[in-house]
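One letter stands for each residue in the lines below.
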Amino acid sequence: MTTSGGGGFCDCGDTEAWKEGPYCQKHELNTSEIEEEEDPLVHLSEDMIARAYNIFAIMFRYAVEILTWEKEDELPADLEMVENSDTYYCMLFNDEVHTYEQVIYTLQKAVNCTQKEAIGFATTVDRDGRRSVRYGDFQYCEQAKSVIVRSTSRQTKPLKVQVMHSSIVAHQNFGLKLLSWLGNIIGYSDGLRRILCQVGLQEGPDGENYSLVDRLMLSDSKLWKGARSVYHQLFMSSLLMDLKYKKLFAVRFAKNYERLQYDYVTDDHDREFSIADLSVQIFTVPSLARMLITEENLMTIIIKTFMDHLRHRDAQGRFQFERYTALQAFKFRRVQSLILDLKYVLISKPTEWSDELRQKFLEGFDAFLELLKCMQGMDPITRQVGQHIEMEPEWEAAFTLQMKLTHIISMMQDWCALDEKVLIEAYKKCLAVLMQCHSGFTDGEQPITLSICGHSVETIRYCVSQEKVSIHLPVSRLLAGLHALLSKSEVAYKFPELLPLSELSPPMLIEHPLRCLVLCAQVHAGMWRRNGFSLVNQIYYYHNVKCRREMFDKDIVMLQTGVSMMDPNHFLMIMLSRFELYQIFSTPDYGTRFSSEVTHKDVVQQNNTLIEEMLYLIIMLVGERFSPGVGLVNAADEIKREIIHQLSIRPMAHSELVKSLPEDENKETGMESVIEAVAHFKKPGLTGRGMYELKPECAKEFNLYFYHFSRAEQSKAEEAQRKLKRQNREDTALPPPVLPPFCPLFESLVNILQSDVMLCIMGTILQWAVEHNGYAWSESMLQRVLHLIGMALREEKQHLENVAEGHVVTFTFSQKISRPGEAPNNSPSILAMLETLQNAPYLEVHKDMIRWILKTFNAIKKVRESSSTSPVAETGGGAIMEENSRDKDKAERKRKAEIARLRREKIMAQMSEMQRHFIDENRELFQQTLDLDASPSAVFDHSPVASDMTLTALGPAQTRVPEQRQFITCILCQEEQEVKVESRAMVLAAFIQRSTVLSKNRSKFIQDPEKYDPLFTHPDLSCGTHTGSCGHIMHAHCWQRYFDSVQAKEQRRQQRLRLHTSYDVENGEFLCPLCECLSNTVIPLLLPPRNIFNSRLNFSEQPNLTQWIRTISQQIKALQVLKKEENTVSSKNLENMDKLQLPEGFRPDFRPKNPYSESIREMLTTFGTATYKVGLKVHPNEEDPRVPIMCWGSCAYTIQSTERILSDEDKPLFGPLPCRLDDCLRSLTRFAAAHWTVASLPVVQGHFCKLFASLVPDENHGDLPCILDIDMFHLLVGLVLAFPALQCQDFSGTSLGTGDLHIFHLVTMAHIVQILLTSCTGENGMDQENPIGEEELAVLDLYKTLHQYTGSALKETPSAWHLWRSVRAGITPFLKCSALFFHYLNGVPSPSEVQVIGTSHFEHLCNYLSLPSNLICLFQENSEIMNSLIESWCHNNEVKRYLEGERDAISYPRESNKLIDLPEDYSSLINQASNFSCPKSGGDKSRAPTLCLVCGTLLCSQSYCCQTELEGEDVGACTAHTYSCGSGVGIFLRVRECQVLFLAGKTKGCFYAPPYLDDYGETDQGLRRGNPLHLCTERFKKIQKLWQQHSITEEIGHAQEANQTLVGIDWQHL
């Protein structure tokens, strides 16, 4: 699954494009009818054909003429006009060198345009390839041209600009229109298409190479982008869709191939705009490719063209990539596309061969060998001794070439394997080329003779560490591949006489690959350190999965080939000599001399590593037989083995596994076919990805010395496998696995294990280990020797099991290792030394392995002895002996485990005893800490007071709770302090943000924040202020110090580097010092404020609602009169004062004392101002009368969003909330309740009067919103929290609690009326089914009252049962929010019934909030005043308009907002995005279509065309959208990248894992792997939860802190 820019056409019905099933279901039916391909011209009349031919010929010729016309100021002779206007265009052309920014800047300077216009020009130039930037006379245009050229020629080549005559531009535009028209016309009929093809390929009068199509192709690189794409489109819809002409076109293309490629290499446009790119349409068609190879010799042409471009050679004719300039690098990248063409030609293998094809393929193969010959031995290196290399040599080009050719080399071998004759010829040719490469083999290298153990061999003196050596040996490696094919296809046994196997010189074959492997060993041993990183990188790639198939693997095969043809003793001696270890093993007691001289430590270390590497190489030569042709295996076995070894390291995800396996030319690894056999799949959870785990039964195939392991992987795998064995209570030996047999051609390889030199090497190393103090040896050396002995014993056992009757087994390793050494020094036998080592205390780790070897040896011995007598009984005996020793082992292990267990238990008992003592001694200390740790609610739950009584959260009957003392530790200074009114302030880090998460109307936003009045919140909650906190507490002064230091650091940072940080200090942001959570202010920690204000005695009878409303109205009136008086101060007003009748006990002149300490007051102001600043996006101003409103609003909004989240997740209201949320809500509510003490009293009283007037009208406040346009919970919070400002002047004895209760009842009733007015309950007559109780009747009654007051505009009476149900559903969210609010405000613990999930909590909520459970009783109890209030509410103009259907209103309960619904299959999103065109640039496809997950809008992101201006800065479409849709926060899905994008403001953003997974449980960001993706609902819910919890900004902060590269991205341009 990928997203492409389109182009090409459908392959349905093209039998060559599909392996099987070339038709879709729609066209499958008609296949039987298609007989022979008929000539499409038969459907057209002669006359029609002739006319069409003429018209097409004239048009096509005209278009080609004018497009390829080179003069800028005159037209072709036949187009010259009589009167010539002299106007010109200054035409700017596209190139791939200059950036958008450079072009925009230059244009602003050159043609004096605005930045917007320059962006428009640049976008068009990029899209169409050219654009006129000035129109006028020649001089005027020429001047612009010179400025552009001058300003862009400094760094690179200048922008291409031409001053063109206006008539030429006009003709060219017309020519393009004609070509597009031709493309449309031929769509109507196949006959017309055929005619156009004839016209295009008709050869012109000038003989060959002059058809119109040729002319266009050959001037391709001179045309601009727009013209190219038009005529390419025309070629595709004509030549490539007519099968007859497709062939003719392919021939023309192949004939012009060299010219076209040359043009492309020098052209500066990308490949997709070059005609050369059409090769993919032609060369991938098998029949065409085959035809072009045989008729046009295409293979040879491509390879020769390729070699022509790489001209740099050294004296030996090898490629040389030194002094590599940027221009050469650019050319080299271009030349590589030729390799792609070769790959297209070879990708479909021939099924039958003609002699012609054989001949041309072998010609191509010759050319290919020439290419490889130029690579054989390129980039040779010499070891640096003494000082470090000065300049790192250029190595990347050679490796890039090798990587690109890897698949070609494999495909060449695949082609050869398909035909025996071709294979034999290719083998001979390859061998001949290798001989040529080696012809200077012995020059200047003296022959020497080596001898060990009575064997001697002649070779040459050569030291890898002193001479030149190269890692590039493609010819040798190709020969190794072909040799394995000879063995696999059995050609070697069928036609031995045709093969030059007798002429082969094995020492010559192995020489170079052996040098290469020695080089790797020496690099590991640290001998080439001074050659710098270039060599380390080369060795890395040599082994890397991208290259190893045609490099390292083939070198091993080549050595195996050599060894299988020569005496293994000779091979081992040559190998010792190349590894520079010959001295050590050929001189007896060399080791003792060596250590006695106490040589340089490095040298000892180097030698040890080299010995280890050499042993490892021998293990590989004998053990790696999983290449088809070397061992009797197939390709599937090879992949299985790779997977088993990868999964032995650790369980892996599908994508990791695919990366660690080599891909073939079709990007396939073949893994799917075998993975089920070797691994289990484990599905992923909410994070992470699906994993494959190795099946336990495959563990026995694990080979510790698997040749594709890197050092790190090997040690990880060893550890993992040993751990697994320990878990399964097995011994931890990792013996060599059982191996498949070799192919006959390689059979003699195993003899290396029992050769004399090998036994001598093994014996020597074991001898060193036995006398372990005298020698320099290493354990891993010993481990490798043990592994080799194990391999030899396994081999012998297999030989014995598979031996045919009457044959003698020639592999007698077990006998050889039990023989002691020769006479002079009588060294003990290998077996004896192993038995000695079994008990050596310093080899604890290898004991299991040695034991396994001895066991296997005994088993083989028994089999050998029994082969003379009856075999069965004997082996049985061996098995019994084995059993016995195993039982002993088990018993021993059990005993040890038992001892260890007892010891553990004893220690644990001692520890718990000590703990008990400590607790006893420090009992009271523990008591104290327990008291402190328990949060208040926890204490109440256990207190006997709370359990028996009903808990009431507000009103005169409010449950009194004993005050808890709170001790808190500051996270910065670690000091503990009690929270008191008069102590220094403690604060929580908090983050305030604007939010639209609950919004029901996203299109609404504040026009002028300076004049906006936020007193009444509309029920659509279009934008709220949300406060969150991480819950970490500090002293206010500690925080102040911390924040000052953050600011100072920021100023220093700005002077040093201009990067953004993840937080914006100028906006007051900082990271919490403990958890690094983004914060922008602090909330003060307070005690329940109500208990502080409410200290007066309640001595009078508390008034009921009616009386209370009257009293309050009088008090408000008195305040208003006083306010008027103040405004008109004069001498009279003193008398008026006395006349003013003040309500009893009301003292408006009284100013309460602020109970809080200076520091707490300061923090109240700080947080209040921050809320005001962020919520309204204005400058901070602590005197502004809107500050208290914003604080109450933030408190209400945060509680509402918490209630929504709990309801959506079906969690109980007072269940266990996360403690950071609990702390945040408590602190926020208490802060909001205390904030009036630092605000101006008259202002807060004024707010209260206005809020109160919205429910109880008075003549002074006219223009208040109607009851439908007020969010009742915001109103409740505002009234309750502003009320103390009025109540503090009331000395009549009415308590604060009474006021709370009456306000709450009043607002609840208003909300019920609101619900009834907007409820759209439907059908009548449901009542008979549902019993009617008092609630239903009461509601019906109230509804009728409303009906009466609204003048019958309300709908007819619906069923009572429905009515009550909708009232209950509508009011529940309000009651839940109120319960949370009063719980945190008054600190009354929640009733236990509301803490569990399940049953409806409606009654319990009502009790807790001291409401009657039949809510309508409220109306009945207070009917005298309520009826008049209801009447005043219903008579409002807006209510009438709503009921008459002239406006909308929010209905209750409000639906939860969710992110948009995403399709299950990702491809539908891709389709949606591919149909989306950029809204601003005239139907152009958008480059980065991005979907807003909040509202579902598709945006054109990250492009100049859709940038808009926001607050004086240019921002991209997504950033602009976040401000209108999410108040600055946005969640987007980038469709082409399959990536979720979080944005917050202009400088913050991060990428987040998408909710789409493939079948392997992995995301595919960037759609790189292309597996089908499906929606994972859990992950999508997780993103939705982040959004609902307002955690997006926090998530971005954490991501940016964790990954500094995210900070540098210009998020505002997305």
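Residues numbered from 1 in each chain as written. Predicted model: local features only at pLDDT ≥ 70, side-chain atom pairs only at ≥ 80, totals over all residues. Heavy atoms only, no water.

## Description of the overall build of the protein
Inference 1: Of regular secondary structure, the protein possesses 60 helices and 23 strands.
Inference 2: Buried positions account for 53% of the 1614 residues belonging to the protein.
Inference 3: Restricting the contact set of the protein to residue pairs at least 6 apart, pairs at least 24 apart contribute 76%.
Inference 4: Here the protein has roughly 74,700 Å² of accessible surface; of this, 52% comes from carbon and sulfur atoms. (Helix = DSSP H or I, 4+ residues; strand = E, 2+ residues; numbered from the N terminus. Buried < 20%, exposed > 50% of the residue type's maximum accessible area, 1.4 Å probe, protein only. Contact = heavy atoms within 4.5 Å. Areas by Shrake-Rupley, 256 points an atom, 1.4 Å probe, with all protein chains shown as cover.)

## Some points on the sheet that holds strand β10 (residues 986-995)
Inference 1: Pairing in this open sheet of three strands is antiparallel, and the strands run β11-β10-β14 from one edge to the other. Here the strands that pair on one side only, and so sit at the sheet edges, are β11 (1024-1035) and β14 (1081-1084). Adjacent strand axes in the sheet meet at a mean angle of 40°, parallel and antiparallel pairs treated alike.
Inference 2: Sheet analysis places β10 next to β14, joined by four bridges and oriented antiparallel. Bridge pairing links Val-987 to Pro-1084 in β14. (Pairing = 2+ DSSP bridges. Axes fitted to C-alpha atoms, helices over the stretch in contact; angles between N-to-C directions.)

## Some remarks on helix α21 (residues 506-524)
Inference 1: Helix length check: α21, at 19 residues, gives a terminal C-alpha distance of 27 Å against a target of 27 Å (1.5 Å per residue), a fit within 8%.
Inference 2: Of all bends in α21, the biggest is about 30°, found at His-512, and the proline Pro-513 comes one to four residues later.
Inference 3: Judged by how many residues are buried, α21 sits mostly within the fold: 16 of 19 residues are covered.
Inference 4: Where α21 ends, the next residue or the one after it, Gly-526, has phi of about 80°, a positive value. (Expected span 1.5 Å × (residues − 1). Bend = angle between axes of the 7 residues up to and from the residue.)

## A short note on empty space enclosed by the protein
Inference 1: For the coordinates displayed, the defined rule picks out 16 cavities of 30 Å³ or more.
Inference 2: Roughly 240 Å³ of volume is contained in the largest cavity.
Inference 3: Contributions of two or more residues to the lining of the largest cavity are made by α46 (1187-1208), α49 (1272-1287), α50 (1296-1318) and α52 (1360-1386).
Inference 4: In terms of residue count, α52 provides more of the lining of the largest cavity than any other element does, four residues in total.
Inference 5: When its residues are assigned to classes, the lining of the largest cavity shows nine nonpolar, six polar and six charged.
Inference 6: Roughly 120 Å³ of volume is contained in the second largest cavity.
Inference 7: Along the walls of the second largest cavity sit 13 residues, with Val-997, Gly-1526, Val-1529, Trp-1587 and His-1590 positioned nearest its centre. (1 Å grid on protein atoms, 1.4 Å probe; cavity = no way out; pocket = protein on both sides within 12 Å on 5 of 7 lines; lining within 4 Å. Points joined across faces, edges and corners; volume = space filled by probe spheres on them. Nonpolar A, V, L, I, M, F, W, Y, C, P; charged D, E, K, R; others polar.)

## Remarks on the packing of helix α13 (residues 286-296) against helix α16 (residues 355-375)
Inference 1: At a closest axis distance of 8 Å, the pairing of α13 and α16 adopts a crossing angle of 75°. With respect to their mutual orientation, α13 and α16 come out roughly perpendicular. Counted together, Arg-290, Ile-293 and Thr-294 of α13 and Glu-356, Leu-357 and Lys-360 of α16 form the full contact between these two elements.
Inference 2: Of the residues in the contact of α13 with α16, the class split is two nonpolar, one polar and three charged. (Parallel < 35°, antiparallel > 145°, perpendicular 65-115°, else oblique.)

## Things to note about the state of the cysteines
Inference 1: Under the defined criterion, the tally for this structure stands at zero disulfides.
Inference 2: Looking at Cys-1495, it has no disulfide partner, and the nearest cysteine sulfur is the one in Cys-1492, 3.6 Å off. (Disulfide = S-S within 2.5 Å.)

## Focus: the side chain of Thr-1081
Inference 1: As for its position among the elements, Thr-1081 is in strand β14.
Inference 2: In contact with Thr-1081, other than residues within four places in its own chain, are Leu-988, Ala-989, Ala-990, Ile-992, Phe-1070, Thr-1166, Phe-1167 and Ala-1170.

## Structural notes on helix α7 (residues 190-201)
Inference 1: For α7, with 12 residues, the first-to-last C-alpha span of 17 Å sits near the 16 Å given by 1.5 Å per residue.
Inference 2: Where α7 is buried, its residues touch α2 (46-67), α6 (166-185), α8 (212-218), α9 (225-237) and α10 (243-255).
Inference 3: Between a side-chain oxygen at the N-terminus of α7 and the backbone nitrogen of Gly-191 the separation is 3.0 Å; the capping residue is Ser-189. (Polar contact = N/O pair within 3.5 Å; in protein donor to acceptor, adjacent residues only side chain to side chain.)

## Observations regarding the sheet that holds strand β19 (residues 1529-1534)
Inference 1: Spatial strand order, β16-β15-β19-β20-β21: five strands in an open sheet with antiparallel pairing. Each edge of the open sheet is held by one strand with a lone partner, namely β16 (1498-1500) and β21 (1548-1552). Strand after strand, the sheet turns through a mean of 30° between neighbouring axes, direction not considered.
Inference 2: Where strand β15 (residues 1489-1492) meets β19, three bridges bridge the pair, whose relative direction is antiparallel. Residue pairing in the sheet places Thr-1490 in a bridge with Arg-1534 of β19.
Inference 3: Running over the sheet, helix α60 (residues 1592-1602) touches β19, β20 (1539-1544) and β21 and is turned about 85° from β21.

## Looking at a nonpolar patch on the surface
Inference 1: Residues Ile-907, Met-908 and Met-911 make up a contiguous nonpolar surface patch of about 300 Å² in total accessible area.
Inference 2: Judged by relative accessible area, which is 47%, Met-911 ranks as partly exposed. (Patch = residues over 30% accessible without salt bridge, like charges linked within 9 Å, V, L, I, M, F, W, Y side chains within 5 Å. Salt bridge = Lys/Arg side-chain N within 4 Å of Asp/Glu carboxyl O.)

## Some points on the packing of helix α51 (residues 1334-1349) against α52
Inference 1: At a minimum axis separation of 8 Å, α51 and α52 run at an interaxial angle of 90°. Taken together, the axes of α51 and α52 lie roughly perpendicular to each other. On the side of α51, the interface is formed by Glu-1335, Glu-1336, Val-1339, Leu-1340 and Tyr-1343, while α52 contributes Ala-1360, Trp-1361, Leu-1363 and Trp-1364.
Inference 2: Residue composition of the contact of α51 with α52, grouped by class: seven nonpolar, no polar and two charged.

## A word on the confidence of the model for the protein
Inference 1: Summary statistics for the protein give a mean pLDDT of 82 and a share of 88% for residues scoring 70 or more.
Inference 2: Every residue in residues 870-883 is under pLDDT 50, and counting partners more than four places away or in other chains gives nine contacts.
Inference 3: Predicted confidence is poor over residues 1323-1328, with pLDDT under 50, and the contacts of this stretch with residues over four places away or in other chains come to 12 contacts. (pLDDT = per-residue confidence, 0-100.)

## A look at the packing of aromatic side chains
Inference 1: Within the structure shown, the criterion is met by 44 aromatic pairs.
Inference 2: For the ring pair Trp-353 and Trp-415, a centre distance of 5.8 Å and an interplane angle of 90° mean the geometry is edge-to-face. Linking Trp-353 in the loop between α15 (326-346) and α16 with Trp-415 in helix α17 (residues 396-417), this pair joins segments that are 62 residues apart in sequence. Trp-415 matches Trp-353 in its accessibility class, with the two residues each being buried. (Phe/Tyr/Trp six-rings, centres within 6.5 Å; stacked < 30°, edge-to-face > 60°.)

## A look at the environment of Leu-372
Inference 1: In this structure, Leu-372 sits in helix α16.
Inference 2: When near neighbours in sequence (up to four residues on either side) are disregarded, Leu-372 contacts Ile-409, Pro-474, Val-475 and Leu-478.

## Re the environment of Lys-1440
Inference 1: Relative to the assigned elements, Lys-1440 resides in helix α56 (residues 1437-1443).
Inference 2: On the basis of relative accessible area, Lys-1440 is assigned to the partly exposed category, the value being 37%.
Inference 3: On a C-alpha basis, the gap between Lys-1440 and Thr-1350 in space is 7.3 Å, while along the polypeptide they are 90 residues apart.
Inference 4: Once you skip the residues sitting within four places of it in the chain, Lys-1440 turns out to touch Cys-1434 and His-1435.

## Examining unusual backbone geometry
Inference 1: The linkage connecting Tyr-1452 with the following residue, Pro-1453, adopts the cis geometry, with an omega of -10°.
Inference 2: In this structure, Pro-1453 sits in the loop between α56 and α57 (1466-1474).
Inference 3: Not every positive phi belongs to a glycine, and Gln-974 is a case in point at roughly 65°.
Inference 4: Relative to the elements of secondary structure, Gln-974 occurs in the loop between β8 (967-969) and β9 (976-978).
Inference 5: The backbone phi angle of Ser-1410 is positive, close to 45°, even though this residue is not glycine.
Inference 6: Its location among the elements puts Ser-1410 in the loop between α53 (1402-1408) and α54 (1417-1421).

## Here we look at the pattern of salt bridges
In a structure, side chains of opposite charge can pair up when their charged atoms sit close to one another.
Inference 1: Summed over all chains, the structure comprises 51 salt bridges.
Inference 2: The partner of Glu-1537 in a salt bridge is Arg-1534, with the nearest N and O atoms 3.5 Å apart.
Inference 3: Taking the relative accessible area as the measure of exposure, Glu-1537 reaches 26% and is therefore partly exposed.
Inference 4: Classification of Arg-1534 by relative accessible area gives buried; the value is 6%.
Inference 5: One network of salt bridges, in which partners are shared, links Arg-650, Glu-656, Arg-689 and Glu-1562.

## Focus on the environment of Ile-1416
Inference 1: Mapped onto the elements of the fold, Ile-1416 is located in the loop between α53 and α54.
Inference 2: Given a relative accessible area of 1%, Ile-1416 falls into the buried group.
Inference 3: In the structure, Ile-1416 is positioned 74 residues away from Leu-1342 in sequence and 7.7 Å away in space, judged by C-alpha atoms.

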